[in-house]
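Coordinates in review
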Amino acid sequence: MGGDVITHAVQGLISAVTPVSISSLSKDIVLLIREDHDRVRSLYEQYKMPGTTAMQKRQLAWNIIREVSLHSTKEEEVVYPALRDVLGDLTPDHLLAEHQELKELLSLLDSSDVSDPNFDGRLQDIMEVLLHHMHEEEDDLLPRFAAAEGVSSDYLMQLGRLWETSKLHLPSRPHPWAPNKPPLNIVANAAAMPLDFLRDLVRFEGAPPL
């Protein structure tokens, strides 16, 4: 039984690596961040659609938790150190504070069920914080970063490659207690990832979203 779980986990990791190696490594960091944002917005729009069943809402909420958890840790490892170098210390510190709020809200949602009468409201609270955060990045911070002196298209592509490969060692659940700045966040993320992967194998019945 235990061997089967480990084998399944390894196979899942291999399948997760494949899309990274063949799909998105030619995209720059700004485009990749926007794609992640659009994916979460789309999931929430599906969640809000009339006729969405409780079971469908549960799956969509689990997907949002996974997407936002992966996205935030990718930003903390890859993007925010670059923003700090280019735009100064205050910019990433402000964004990290918003991440911390999101992780705490996501953790509460992650431990509850769609049958909870507060479930919809909790997800709505998360999306309000997240949409503000995404608009700030898309409309202000990312354009300023991409246009800053010394930030070349090659550098943006390099960050994009780091972004795509970093997902292989990042946790897919919220961990509000974890450090969010290098180098400690890199160690904590790598330590949390295997358990999160196994938990998602159970949650998604052996097929976590890629």
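Everything below is about the structure printed above this text.
Note that the structure is a prediction, hence the values are computed from the model and not measured. (Residues numbered from 1 in each chain as written. Predicted model: local features only at pLDDT ≥ 70, side-chain atom pairs only at ≥ 80, totals over all residues. Heavy atoms only, no water.)

A few points about unusual backbone geometry
Here Pro182 and Pro183 are connected by a cis peptide whose omega angle stands at 5°. Looking at the element boundaries, Pro183 is found in the loop between α6 (153-166) and α7 (184-203). You will see that Glu205, though not glycine, has its phi angle at about 55°, which is positive. Among the structural elements, Glu205 can be located in the segment after α7. Overall, the relative accessible area of 73% leaves Glu205 in the exposed class. (Helix = DSSP H or I, 4+ residues; strand = E, 2+ residues; numbered from the N terminus. Buried < 20%, exposed > 50% of the residue type's maximum accessible area, 1.4 Å probe, protein only.)

Let's talk about the pattern of salt bridges
Under the defined criterion, the tally for this structure stands at 23 salt bridges. Linking Arg39 and Glu67 is a salt bridge whose minimum nitrogen-to-oxygen distance equals 3.4 Å. Of the two residues, Arg39 sits in helix α2 (residues 29-48) while Glu67 sits in helix α3 (residues 54-87), which places them 28 residues apart along the sequence. Assessed through its relative accessible area of 35%, Arg39 is described here as partly exposed. With a relative accessible area of 11%, Glu67 lands in the buried category. Where Arg199 meets Asp196, a salt bridge forms, and the shortest distance between an N and an O atom there is 3.3 Å. Taken together, the residues span about one helical turn, with Arg199 and Asp196 both in helix α7 at a distance of 3 residues. The exposure class assigned to Arg199 is partly exposed, which follows from its relative accessible area of 33%. Salt bridges sharing common partners tie together Arg66, Asp110, Arg173, Asp196, Arg199, Asp200 and Arg203. (Salt bridge = Lys/Arg side-chain N within 4 Å of Asp/Glu carboxyl O.)

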